[in-house]
Amino acid sequence: MAEERKDIVRKARRILVKVGSGVLTTSGGIDRKIIKNLADEIALLSRRGLQFVIVSSGAIASGRGRMEFSGSLKNLPQKQAAAAVGQRILMDVYSRAFEKHGIAVAQMLLTMSDLVDRRRYLNTRNTLSTLMEWKVIPIINENDTVSVEEIKFGDNDTLAAMMANIMEANLLINLTNTEGLYDRNPRRDSGRAVLIPLVKEITEEIESFTSSEADPSGTGGMKSKVMAARRVTAFGIPCIIAPGRRKGVLGDIFEGNETGTLFLPMKTHMTSKKYWIAYTLRSRGKLHIDDGAAAAVVEKGKSLLPSGIVGVEGDFAVGDPVTCVDAKGANIAKGLVNYSAADLEKIKGLKTSRIEQVLGSKPYDEVIHRDNMAVSKSARKTAGRDTSA
Ligand code: GLU
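Residues numbered from 1 in each chain as written. Predicted model: local features only at pLDDT ≥ 70, side-chain atom pairs only at ≥ 80, totals over all residues. Heavy atoms only, no water.

Draft legend 1. Main features of the overall build of the protein chain. A count of helices and strands for the protein chain gives 16 helices and 15 strands. For 389 residues, the compact-globule estimate of 2.2 N^0.38 gives 21 Å, and the C-alpha radius of gyration of the protein chain, at 23 Å, lies within 12% of that figure. C-alpha extents for the protein chain along the principal axes are approximately 70 × 45 × 45 Å. Burial analysis of the protein chain (389 residues in total) assigns 52% to the buried set. Sequence separation of at least 24 residues holds for 74% of the intrachain contacts in the protein chain that already meet a minimum separation of 6. If the 57 positive side-chain charges of the protein chain are averaged to one point and the 45 negative ones to another, these points end up 3 Å apart. (Helix = DSSP H or I, 4+ residues; strand = E, 2+ residues; numbered from the N terminus. Rg over C-alpha atoms; globule rule 2.2 N^0.38 Å. Buried < 20%, exposed > 50% of the residue type's maximum accessible area, 1.4 Å probe, protein only. Contact = heavy atoms within 4.5 Å. Lys, Arg positive; Asp, Glu negative; His and termini not counted. Charge placed at Lys NZ, Arg CZ, Asp CG, Glu CD.)

In structure tokens:
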């Protein structure tokens, strides 16, 4: 265990550090000391050649502190206005803390819609890598002032997982206000809760240890942290959930000391594109497929052809992400379709050779090409074979 950990941190060059609101803020607003400590540690590690990207929460909480609101904010416009006030304060504190070390920081504010569009996703990636080349530290947050339900990441754990994937990080460090993952909620059962130092695989049992209960300034709770760990480990990136308020926590981690909970990366993991399809895109419809097609997709790693489709749901266009559902109603894969819902209604169940006759042209043999399809983990497990990569 100690060796696995040491090996992971020794190899890590690009690191995403996510800092939660619960770590950064007190009831009165932002805790400058915490940010100063983090900046000191990151500056020191950067001098050793490590590259850092930070996903930081705390905009809404520091805006609320600045406006001296006592209770919780009532509605979305209030939260968005508080974020507009607080994001500026947050960046100011980060910028001063890093300036002392001669390090420039950059602000990146993103919404989900910036990442679901492939072109904007690639632009985000290019900006991020240019900033890293320049040795500037990107500080990323959700663009809370414009985010509404449909375009929200929901919590910064999800945002951090996606950014870790985009920057091809070697490690995600999720700094939170507990010591790591416990086998039960330590807030409710502190006497019995035991810290788990290592998670080899995120099983149902591991998931059952978590709850979405968060402290008043945060969102998501441990559940969204473990979900984020699942997203990155599926992409081959290890994750450590660690206590963000503990002084010297990053130094400790990079010493290889047993701090927090380490989640090991999955052995077979997805390519960046499949990851984007599986975890970033929202499905626009469903294709119901027969047993033969389901087995071909899941067990044999084949593309989806029209002959295996028995039903079409939703109104999607060419290129949209669509979920494939088997005869039992289980989601087995998600992929980008080569045909619209209207055309698929006409060609479902037919042999590929008949597509041209029915539609007047045949741009593709496949309805979803294998390269544009991510098979779900549970389907692969049931089939006893891994065909994701
Ligand atoms: N984006 C929010 C903020 O900066 C925080 C979201 C979260 O904590 O997950 O206040």
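Draft legend 2. Examining the sheet that holds strand β1 (residues 14–19) more closely. In space, the eight strands of this open sheet follow the order β5-β6-β4-β1-β7-β9-β10-β8, with mixed pairing throughout. If you trace the sheet from one side to the other, it starts and ends with β5 (105–110) and β8 (198–199), each paired once. Where strand β4 (residues 51–56) lies against strand β6 (residues 137–142), two bridges are found, and the strand directions are parallel. Bridging across to β6, I54 finds its partner in I139. Packing of helix α3 (residues 32–47) onto the sheet brings it into contact with β1, β4, β6 and β7 (171–176), and relative to β4 it is tilted by some 155°. (Pairing = 2+ DSSP bridges. Axes fitted to C-alpha atoms, helices over the stretch in contact; angles between N-to-C directions.)

Draft legend 3. Highlighting helix α8 (residues 156–166). With eleven of eleven residues buried, α8 lies mostly within the body of the structure. Two or three places before D157, at the opening of α8, D155 has a side-chain oxygen 3.0 Å from that residue's backbone nitrogen. (Polar contact = N/O pair within 3.5 Å; in protein donor to acceptor, adjacent residues only side chain to side chain.)

Draft legend 4. Seen up close, the sheet that holds strand β12 (residues 309–313). As summarised here, the arrangement of the five strands in space is β12-β11-β13-β14-β15, forming an open sheet in which the pairing is mixed. With one partner strand each, in any of the chains shown, β12 and β15 (373–375) form the two edges of the open sheet. Strand after strand, the sheet turns through a mean of 20° between neighbouring axes, direction not considered. Sheet topology note: the strand β14 (residues 331–336)/β15 ladder contains three bridges and is antiparallel. Paired with G335 across the bridge in β15 is M373.

Draft legend 5. Highlighting the packing of aromatic side chains. This model, assessed by the stated rule, comprises four aromatic pairs. Ring geometry for F52 and F254: centres 6.3 Å apart, planes at 80°, overall edge-to-face. Here F52, found in strand β4, pairs with F254, found in helix α11 (residues 249–255); they are 202 residues apart in sequence, far enough to count as distant. Assessed through its relative accessible area of 12%, F254 is described here as buried. Among the aromatic side chains, those forming a connected cluster through ring pairs are F235, Y275 and Y279. (Phe/Tyr/Trp six-rings, centres within 6.5 Å; stacked < 30°, edge-to-face > 60°.)

Draft legend 6. Fine view of the pattern of salt bridges. One pass over the full model with this rule turns up 17 salt bridges. Between D92 and R96 there is a salt bridge, and its shortest N-O distance comes to 3.3 Å. Highlighted residues: D92 and R96, both in helix α5 (residues 76–99), separated by four residues, approximately one helical turn. The exposure class assigned to D92 is partly exposed, which follows from its relative accessible area of 27%. The exposed category is assigned to R96, whose relative accessible area is 55%. Here D252 makes a salt bridge to R246, at a shortest N to O gap of 3.7 Å. In the salt-bridge network here, residues are joined through shared partners; they are D7, R10 and K11. (Salt bridge = Lys/Arg side-chain N within 4 Å of Asp/Glu carboxyl O.)

Draft legend 7. Here's a closer look at the pairing of β1. With respect to burial, β1 is a largely interior element, five of its six residues being buried. Where β1 and β4 come together, six bridges link them in parallel fashion. Bridge pairing in β4 places I15 opposite F52. Of the strand pairs in this sheet, β1 and β7 are connected by five bridges, and their pairing is parallel. By the bridge assignment, V19 is partnered in β7 with L175.

Draft legend 8. Region of interest: the pairing of strand β13 (residues 321–325). The buried count for β13 comes to five of five residues, which makes it a mostly enclosed element. In terms of strand pairing, strand β11 (residues 286–289) meets β13 through three bridges, oriented parallel. Each residue of the ladder has a partner; that of L287, found in β13, is C324. Sheet analysis places β13 next to β14, joined by five bridges and oriented antiparallel. From the neighbouring strand, V325 faces β14, where its bridge partner is N331. In this structure, the hairpin formed by β13 and β14 is closed by a connection of five residues, where G329 is found at a positive phi of approximately 90°.

Draft legend 9. Geometry of the environment of V226. Relative to the elements of secondary structure, V226 occurs in helix α10 (residues 221–234). A relative accessible area of 1% means that V226 is categorised as buried. Separated by 100 residues in the primary sequence, V226 and N126 have C-alpha atoms spaced 28 Å apart. If near-sequence neighbours (up to four positions away) are discounted, V226 is found in contact with L181, I202, I206, T210 and F263.

It is worth stressing that arrangement in space is one thing and function is another; only the former is reported here.
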